[in-house]
Amino acid sequence: MRLIKKYLFLDARIGTSNDGRNYHIMSDKRIHSALISVFYKEGLADIVKLLYKFDVKIYSTGGTFNFINDLNIPAEKVEDLTTYPSILGGRVKTLHPSVFGGILARRDNAEDREQLSKFGIPEIDLVIVDLYPFEETVKSVDEEVEIIEKIDIGGISLIRAAAKNYNDVLVVSGREQYADVLKLLEEKQGYTSISDRRLYAAKAFQTSSHYDTAIFNYFNREELIPAFRESINTSYPLRYGENPHQKGIYYGDITLIFDKLHGKEISYNNLLDLDAALSLIDEFRMNTCVIIKHNNACGVASRDNQLDAWKDALACDPVSAYGGVIITNTCVDETTATEIDKIFFEIIIAPGYSQSALEILKHKKNRIILLRKETDRQKSGFRSLLNGVLWQERDNSTESADQMKPVTVRTPQPRESDDMVFANIIVKHSKSNAIVLAKNNQLCASGIGQTSRVDALKQAIEKARSFGFDLNGAVLASDAYFPFADSVEIAHKAGITAVVQPGGSVRDKESIDYCSSNGIAMVFTGIRHFRH
């Protein structure tokens, strides 16, 4: 008796008495019958063999039945149970009271048991389903007819029915659960506890909700229905959130974006910086190096070779570069790695590394080295706030020189036009209010996250001068329009000769007139790039 009480406390584990008999508490249920209907069969064979060992009667459908039969394990076709064949090209196989009655029947309900007996419906204690691969089909084919046929009807119904009746039925809702279920059944000798069944019921509803979300988002591609649905099953545990006292988890598969070649675990703040770094570097076609700190660029340079790009990016702000994130759009070579290794930084990400470069960079054990993969960035983004979610398209507008409309007497020189395109890209990816000063495809300084545009400009000018930049002939980019002419006056006195901004202020004429009177070239893009 003491032994039985012990295992009650341990939540339905199997106990063995001195005479070798096993004990199970009342919530433990033995599996007598199973329904198996899966798309992917890898990993299923061991479960089927174990069920046969435990004398479990197996019902199955179509290809799954053939798979089990090839294992020389007896199984009964669902069609024999329902006395109906699979019809409508396989669309209807399991949708029948003889199937769902056996799953949904409450074992402790006398009326349910009586009806099962009356209609000759067997109880089903285990349901194993792996759904049609709808998401994979959407990614791989364009034909809607083929996509629609991969919307699982019977399988999703079986999952929901078995999960609803978790008190009596164990449900396995995907091939990723096969290994864990096999271990569970081996350890408990074909028995399951109520906590086991409830856990797998939760996983089943996770499967069904994710599946339905994917289908809804496919049908709502044109966003005719104003409803927000997002489902991500993959997660990446973080040491903590933005600060050590906050919990944090990343939901998504970061292995699709990059491979980690070396270093400590990636943190919450690292991921924010990586997102900012990738978004910015993707704007450049020329050999470019970017240094990110707290989601903003503190160094950017485009050059003919990687070494010069790195040196000039670092020269922008060598103080802020300490502990930053470095990203480049070309493979890192030994010479560049040697120079990069001279400073402390958290992360470097690149599309490739020479073997000697890797050896140099790896000698610091915590340094994170990432190999970027070819992948498409998301077309939209969202963030939670208040009691809801904000959704928007990504800012995919990047203005070329041809899209910049001159509005002053003097028009930009070719070098100024190149620098304005360069500066406008950086300001687009800077926290508002933002001002960027650039010269010769190099960031001189930026003023970011300020409550006034004038303050952002003053911050940028002061910072550029502190690092020895000559602003004579430099250009200025603003993420939004100038409400007054004071900003262009300050810029002119600092040596700025060309300005790019969206325009759109009711007082644009004041800024235009000042620039025209003082030989400054100014262009309007018509596109604002706020970033908060």
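Each value, and the rule that gives it
- Residues numbered from 1 in each chain as written.
- Predicted model: local features only at pLDDT ≥ 70, side-chain atom pairs only at ≥ 80, totals over all residues.
- Heavy atoms only, no water.
- Salt bridge = Lys/Arg side-chain N within 4 Å of Asp/Glu carboxyl O.
- Helix = DSSP H or I, 4+ residues; strand = E, 2+ residues; numbered from the N terminus.
- Buried < 20%, exposed > 50% of the residue type's maximum accessible area, 1.4 Å probe, protein only.
- Core = buried A, V, L, I, M, F, W, Y, C linked by side-chain atoms within 4.5 Å.
- Contact = heavy atoms within 4.5 Å.
- Axes fitted to C-alpha atoms, helices over the stretch in contact; angles between N-to-C directions.
- Parallel < 35°, antiparallel > 145°, perpendicular 65-115°, else oblique.
- Left-handed = near helix turned anticlockwise from the far one by under 90°.
- Nonpolar A, V, L, I, M, F, W, Y, C, P; charged D, E, K, R; others polar.
- Pairing = 2+ DSSP bridges.

(A) Highlighting the pattern of salt bridges. One pass over the structure, following the stated rule, counts 23 salt bridges. Close ionic contact of arginine 372 with aspartate 282 constitutes a salt bridge, the shortest N to O distance being 2.7 Å. Highlighted residues: arginine 372 in strand β17 (residues 368-372) and aspartate 282 in the loop between α12 (268-281) and β13 (288-293), separated in sequence by 90 residues. Note on aspartate 282: relative accessible area 29%, which makes it partly exposed. Put simply, arginine 410 and glutamate 416 hold a salt bridge, and the shortest N to O gap is 3.1 Å. Given the relative accessible area of 25%, arginine 410 is considered partly exposed. Because the salt bridges share partners, they merge into one network encompassing Arg107, Glu123 and Asp125.

(B) Representation of the nonpolar core in the model. Ile266, Leu274, Leu280, Ile292, Val300, Leu370 and Ile426 are the most contacted members of the largest nonpolar core, which has 41 residues in total. Take this core: its biggest share by element is seven residues, from α12. Each residue touching leucine 280, except ones within four places of it in the same chain, is listed here: Val290, Ile292, Ala297, Val300, Ile425, Ile426 and His429. Residues Leu35, Ile156, Leu158 and Ala163 belong to the second largest nonpolar core, which totals 29 residues.

(C) Spotlight on the packing of helix α2 (residues 45-53) against helix α10 (residues 178-187). Look at α2 against α10: their axes get within 9 Å of each other, and the N-to-C directions meet at 20°. The pairing of α2 with α10 is recorded here as roughly parallel in orientation. The chirality of how α2 crosses α10 is left-handed. Packed against α2, whose contacting residues are Asp46, Ile47, Leu50 and Leu51, the element α10 presents Tyr178, Leu182, Leu185 and Glu186 at the interface. Considered class by class, the residues forming the contact of α2 with α10 number six nonpolar, no polar and two charged.

(D) Summary view of the sheet that holds strand β8 (residues 170-172). Here five strands make up an open sheet; going across it, the order is β6-β5-β4-β7-β8 and the pairing parallel. The open sheet has two free edges, formed respectively by β6 (76-77) and β8, since each of these has just one partner strand. Direction of pairing for strand β7 (residues 126-130) relative to β8: parallel, over a ladder of three bridges. Looking across to β8, one finds that isoleucine 128 is bridged to valine 172. On the sheet, helix α9 (residues 154-164) packs against β4 (33-38), β7 and β8 and is oriented at approximately 145° with respect to β7.

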